[in-house]
Amino acid sequence: MVILGIDPGLANTGWGIVEERRGEVRCRAYGCIETSSGSDLAARLRRIADELTAVVDRYRPQEAAVEGIYFGANVRSAIPTAHARGAALVACSLCGVEVGEYTPMQIKQAVVGTGAADKTQVTYMVRTLLHLDHDPKPDHAADALACAVCHAHLHRTRELSGGAYTQEKGNPYA
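Reading the values: rules and limits
Residues numbered from 1 in each chain as written. Predicted model: local features only at pLDDT ≥ 70, side-chain atom pairs only at ≥ 80, totals over all residues. Heavy atoms only, no water. Helix = DSSP H or I, 4+ residues; strand = E, 2+ residues; numbered from the N terminus. Buried < 20%, exposed > 50% of the residue type's maximum accessible area, 1.4 Å probe, protein only. Contact = heavy atoms within 4.5 Å. Pairing = 2+ DSSP bridges. Axes fitted to C-alpha atoms, helices over the stretch in contact; angles between N-to-C directions. UniProt positions renumbered as here; feature names shortened; annotations may be inferred. Polar contact = N/O pair within 3.5 Å; in protein donor to acceptor, adjacent residues only side chain to side chain. Phe/Tyr/Trp six-rings, centres within 6.5 Å; stacked < 30°, edge-to-face > 60°.

Next up on the list: the overall build of the protein chain. Along the backbone of the protein chain there are five helices and five strands. Ordered by position in the sequence, the α and β elements of the protein chain form the string β-β-β-α-β-α-β-α-α-α. With 174 residues in all, the protein chain has 44% of them scored as buried. Sequence-distant contacts, at least 24 apart, represent 63% of the contacts inside the protein chain between residues at least 6 apart.

Encoded structure:
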């Protein structure tokens, strides 16, 4: 299965493509969509949607995984991130790609083994799990790959458990 991972952000939206076969997950491609703060919001969101659509057209993922929004101490930064996340969800929907949504803590738990992992630990585990000979850069792309790995692991767990695994794809905030 080919999976598109997305780490949404208005200035930088990371994306990563992984392929899972018989429990082995490998990286196929990754990148980052950058938008200029000097552009208006609608143009920035369209660029995110258009470039993600091009990624879907090129790599043909069967499913996608999008990181949820972490509010933390800076709620103001969550609103632009929510806009970018919306553009990513619309792009996937228009392309007919089913989307799973995961909180940052779920992704860290699936990739590192603890929801309290820092960026260095996530990048290290992404590099290790995907058998890369380098750290994926920028961090947004590494986070997108981590999101895709999380989705692949949870998908495999559901397969092996005959669907008995209770964590479902969908809105983790519902």
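A large share of strand β2 (residues 12-21) lies buried, amounting to eight of its ten residues. Hairpin remark: strand β1 (residues 2-7) followed by β2, antiparallel, with four residues in the connecting loop. Pairing of β2 with strand β3 (residues 24-34) involves ten bridges; the strand directions are antiparallel. Across the sheet, residue Ile 17 finds its bridge partner in β3, namely Ala 29.

Look at the link from Lys 137 to Pro 138: it is a cis peptide, with omega at -5°. Within the secondary structure, Pro 138 sits in the loop between α4 (119-129) and α5 (139-160). Phi angles above zero are rare outside glycine, and Arg 22 is one such case at about 50°. Classification of Arg 22 by relative accessible area gives exposed; the value is 75%. In the Ramachandran plot, His 131 falls in the positive-phi region, its phi being about 60° despite a non-glycine side chain. Relative to the helices and strands, His 131 resides in the loop between α4 and α5.

Our next topic: the sheet that holds β1. An order of β3-β2-β1-β4-β5 is seen for the five strands of this open sheet, with the pairing classed as mixed. On the outer flanks of this sheet lie β3 and β5 (98-102), each paired with one strand and no other. In this sheet, neighbouring strand axes are inclined to one another by 20° on average, regardless of whether the strands run parallel or antiparallel.

Here the UniProt-annotated "binding site: Mg(2+) 2" (unreviewed entry) positions come out as Glu 67. On the basis of relative accessibility, which here comes to 13%, the residue Glu 67 falls in the buried class.

Once that is clear, we can look at the side chain of Glu 20. Relative to the assigned elements, Glu 20 resides in strand β2. We classify Glu 20 as buried; its relative accessible area is 7%. For Glu 20, the side chain forms a polar contact with the main-chain nitrogen of Gly 23, separated by 2.7 Å. In this view, Glu 20 contacts Met 1, Val 25, Ala 152 and Arg 156; residues no more than four positions away in its chain are not counted.

Applying the stated criterion to the full structure yields one aromatic pair. Ring geometry for Trp 15 and Tyr 59: centres 6.0 Å apart, planes at 40°, overall tilted. In this pair, Trp 15 sits in strand β2 while Tyr 59 sits in helix α1 (residues 41-59), placing the two residues 44 residues apart along the sequence. Side by side, Trp 15 and Tyr 59 carry an identical accessibility label, which is buried.

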